[in-house]
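Now for the letters of each chain:
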Amino acid sequence: MDAKQIAGEKAAEYVKDEMVVGLGTGSTVYWTIVKLGQLVKNGLKMKGVPTSTKTEELARSLGIPLIDINNAKKIDLAIDGADEVDAEFNLIKGGGGALLREKMIASLAERFLVVVDETKCVKTLGSFPLPVEIVPFGWQMTRNRIDGLGCESKLRTAGRAPYITDNGNFILDCGFDEIHDANGLNLELNRIPGVVENGLFVNMTDAIVIGRNRGKVEECLFCRERIQSSTHTK
Ligand SMILES: O=C(CO)[C@H](O)[C@H](O)COP(=O)(O)O
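- The name given to the protein in an unreviewed UniProt entry is Ribose-5-phosphate isomerase A, with Cohnella kolymensis as the source organism.
- Quoted verbatim from the Subunit (unreviewed entry) heading of the UniProt record, the comment on the protein is "Homodimer."

**A word on the domain arrangement of the protein**
By convention, interface size is frequently given as the accessible area that disappears when the constituent parts associate.
Piece 1. Assigned domains within the protein: domain 1 (3–121 + 202–232) and domain 2 (130–199).
Piece 2. Inter-centroid distance (C-alpha atoms) of domain 1 to domain 2 is 24 Å.
Piece 3. Each partner contributes to the interface: domain 1 provides 14 residues, whereas domain 2 provides 14 residues.
Piece 4. Considering each element in turn, the side of domain 1 that touches domain 2 owes the most residues, four residues, to helix α4 (residues 99–108).
Piece 5. Along the lines of polarity and charge, the residues of the side of domain 1 that touches domain 2 split into five nonpolar, six polar and three charged.

**Here we look at the site of the ligand**
Piece 1. Residues in close proximity to the ligand total 17 residues, the closest being Gly26, Thr28, Gly81, Gly95 and Gly96.
Piece 2. In terms of residue class, the shell around the ligand is made up of three nonpolar, ten polar and four charged.

**Some points on the sheet that holds strand β12 (residues 195–198)**
Piece 1. Read across the sheet, four strands follow the order β8-β11-β7-β12 without closing on themselves; strand pairing throughout is antiparallel. Two strands close off the open sheet at either side, each with one partner strand: β8 (152–155) and β12. Neighbour-to-neighbour, the strand axes of this sheet turn through a mean angle of 30°, independent of strand direction.
Piece 2. In this sheet, strand β11 (residues 170–175) lies alongside strand β7 (residues 130–134) in antiparallel orientation, the contact comprising five bridges. When the bridges of β11 are listed, Val132 appears paired with Leu172.
Piece 3. Packed onto the sheet, helix α6 (residues 182–190) meets β7 and β12 and runs at close to 160° relative to β12.

**Digging into the UniProt feature "active site" (unreviewed entry) in the protein**
Piece 1. Look at the UniProt record and you will see "active site" (unreviewed entry) annotated at Glu102.
Piece 2. Summarising the element assignment, Glu102 is placed in helix α4.
Piece 3. Here Glu102 is in contact with Gly24, Thr25, Thr51, Asp80 and Lys93, once residues within four sequence places are set aside.

**Some words on the nonpolar core**
Piece 1. In this structure, Ala7, Ala78, Ile79, Leu113, Val114, Val115 and Val132 are the most contacted members of the largest nonpolar core, which totals 57 residues.
Piece 2. Counting residues per element, this core draws most heavily on strand β6 (residues 109–117), at six residues.
Piece 3. When residues of this core are sorted by domain, at least three fall in each of domain 1 (3–121 + 202–232) and domain 2 (130–199).
Piece 4. Apart from the residues lying within four places of it in its own chain, the contact partners of Ala78 are Gly22, Gly24, Ile105, Ala106, Ala109 and Phe112.

**Quick look at the sheet that holds strand β13 (residues 200–201)**
Piece 1. Taken together, the three strands give an open sheet; going across it, the order is β4-β5-β13, and neighbouring strands pair in antiparallel fashion. This sheet does not close on itself; its edge strands, each paired only once, are β4 (84–85) and β13.
Piece 2. By the bridge criterion, two bridges tie strand β5 (residues 91–92) to β13 in an arrangement that is antiparallel. By the bridge assignment for β13, Ile92 is matched with Leu200.

**Section: the environment of Lys16**
Piece 1. Along the chain, Lys16 turns up in the loop between α1 (3–11) and β1 (19–23).
Piece 2. Judged by local crowding, Lys16 falls into the exposed class, with 12 C-beta atoms found within 10 Å.

**Describing unusual backbone geometry**
Piece 1. Unusually for a residue other than glycine, Glu18 sits at a positive phi of about 75°.
Piece 2. Given 9 C-beta atoms within 10 Å, Glu18 falls into the exposed group.
Piece 3. In this structure, Phe89 is a non-glycine residue whose phi angle is positive, near 65°.
Piece 4. Take Phe89: it is sitting in the loop between β4 and β5.
Piece 5. Overall, Phe89 belongs to the buried group, with 23 C-beta atoms counted inside 10 Å.

**Here's the deal with the pairing of strand β14 (residues 207–211)**
Piece 1. In terms of burial, β14 is largely enclosed, as five of its five residues are buried.
Piece 2. Burial along β14 is two-sided: Ala207, Val209 and Gly211 facing one way and Ile208 and Ile210 facing the other are all buried.
Piece 3. Pairing between β6 and β14: five bridges, direction parallel. Note that in β14 the partner of Val115 across the bridge is Val209.
Piece 4. Note: β14 against strand β15 (residues 217–220), four bridges, orientation antiparallel.

Cut-off values and rules
Residues numbered from 1 in each chain as written. Predicted model: local features only at pLDDT ≥ 70, side-chain atom pairs only at ≥ 80, totals over all residues. UniProt positions renumbered as here; feature names shortened; annotations may be inferred. Domains from an automatic or database assignment. Contact = placed C-beta atoms within 7 Å. Helix = DSSP H or I, 4+ residues; strand = E, 2+ residues; numbered from the N terminus. Nonpolar A, V, L, I, M, F, W, Y, C, P; charged D, E, K, R; others polar. Near = placed C-beta within 6 Å. Pairing = 2+ DSSP bridges. Axes fitted to C-alpha atoms, helices over the stretch in contact; angles between N-to-C directions. Core = buried A, V, L, I, M, F, W, Y, C linked by C-beta atoms within 7 Å. Buried ≥ 20, exposed ≤ 12 C-beta atoms within 10 Å, placed from the backbone.

Right under this line is the structure:
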């Protein structure tokens, strides 16, 4: 079993009866969703809130009951993958293009559980180009302002046309090399008119499941509390 599958399937164990669960996007959380499909067939009572049309189609095909985000009184748990995770469990997300809905759902959820294989764990965020969702209107002007923050950005494409998100927007993949102040960059990017959202998830992770090769899995629960308490005692 590969490391993504190990992490993805493990995360399904956190879903209990009557939970409303944010369903992430990507090849790691895919395994969580497949496992949840099996559990639902065996009687688990849950509802999913998908973060992308792709995940919505997958969940439907597996018979997982879905609920519109506007009708969910609360989201108990969101489970999602990541492109990079640093030592403080801050993330880069958006490799799959779903970062806006993923961030909305993670921020609404009472708990945010991240599933990754060990290759995603880095010392400093930034080797993976940071995805930034922008509106198509005036996109080159928006790109100039983003590049002014110290990166070189590329418009994501699908074939020869711009890649279009589920929300009808473009994505710039921004090479920053090393991001030392993820919180500051997150705020600066989102202050630029034309930017819809960026893929930095700062101080949002509550728990993480890391799949390792040879069948090992590492779980860190309540990471946010742990980081905050270690910061306070410094
Ligand atoms: O942010 C994402 C999609 O927008 C994914 O969670 C991220 O790209 C990781 O994907 P994978 O599990 O396929 O490596």
